[in-house]
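Architecture and fold: a report
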Amino acid sequence: MTTNTSRPATDAVIAQHRQLTETLPFADEQDFEDAHRGFIAALSPAVVKAADGRVAWDNDSYAFLDGEAPDTVNPSLWRQSKLNIIQGLFEVVPGIYQIRGLDLSVMTVIEGERGVIVVDPLISSETAAAAMGLYREHRGDRPVTAPRSSEAHAARSAPDSARRRPWVR
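A short tour of the structure in this document, coming up.

To continue, consider the sheet that holds strand β7 (residues 116–119). Strand order in the open sheet made by the 6 strands is β1-β4-β5-β6-β7-β8, with mixed pairing throughout. If you trace the sheet from one side to the other, it starts and ends with β1 (39–41) and β8 (144–148), each paired once. Each strand axis lies, on average, 25° off the axis of its neighbour in the sheet, ignoring direction. By the bridge criterion, 5 bridges tie strand β4 (residues 88–93) to strand β5 (residues 96–100) in an arrangement that is antiparallel.

Next up, the structure:
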């Protein structure tokens, strides 16, 4: 029988993490600047609920990542996690936008003459609808002319995502 009780880091783990902290360029914040480039707006709160009230995605639940990594966590993985939770609508280049942090995937919206192409429309219809809502709030109500999936993730085969796309109109 196993338990979910955490234990303190061993001295060896603490030493390894300290060595990483001292040798990796953690003072270089360029990756955070790059991750925020083109920021337009965030979903606030960053909680997406289904029609029945259940939580489909809660990016706010990752707020525990504020601050330094605890002794039990590799500091490089902690930093990567902080980058992964940056959420909102971002302009990549004129006419190409991304919605990040509302799912495991990143949705890309490409504006065209007759509407938008949505690349990787996220895993659930709820998160996809929230992402498109954030996009439309700031970019206008353009119709989706083509949803496309480029990755081998659950969104490609998930029945919910494949059959019901209420955000497409």
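Resuming the write-up.
Taken together, the buried positions of helix α3 (residues 75–84) are P75, W78, R79 and L83. Down the axis, α3 shows its buried residues gathered within 145° of arc, on one side only. Residues of α3 that are exposed and point over 90 degrees away from its buried face: L77 and N84. The opening residue of α3, the one whose side-chain oxygen lies 2.7 Å from the backbone nitrogen of S76, is N74.

Moving on, we get to the environment of H138. Assignment of secondary structure puts H138 in helix α4 (residues 125–139). Here the alpha-carbon distance between H138 and I40, two residues 98 residues apart in the chain, equals 7.9 Å.

With that settled, the discussion passes to the pattern of salt bridges. The tally for this structure, following the rule as stated, stands at 7 salt bridges. Measuring nitrogen to oxygen at the nearest pair gives 2.4 Å for the salt bridge that ties D34 to R37. Across the salt bridge formed by R54 and E126, the nearest N and O atoms sit 3.5 Å from each other. Separated by 72 residues along the polypeptide, R54 in the loop between β2 (47–49) and β3 (55–58) and E126 in helix α4 bring together distant segments of the chain. The exposure class of R54 is partly exposed, given its relative accessible area of 44%. Here the salt bridges do not stand alone but share partners, grouping D52, R54 and E126 into one network.

Cut-off values and rules
- Residues numbered from 1 in each chain as written.
- Predicted model: local features only at pLDDT ≥ 70, side-chain atom pairs only at ≥ 80, totals over all residues.
- Heavy atoms only, no water.
- Pairing = 2+ DSSP bridges.
- Helix = DSSP H or I, 4+ residues; strand = E, 2+ residues; numbered from the N terminus.
- Axes fitted to C-alpha atoms, helices over the stretch in contact; angles between N-to-C directions.
- Buried < 20%, exposed > 50% of the residue type's maximum accessible area, 1.4 Å probe, protein only.
- Arc of directions from axis to C-beta.
- Polar contact = N/O pair within 3.5 Å; in protein donor to acceptor, adjacent residues only side chain to side chain.
- Salt bridge = Lys/Arg side-chain N within 4 Å of Asp/Glu carboxyl O.

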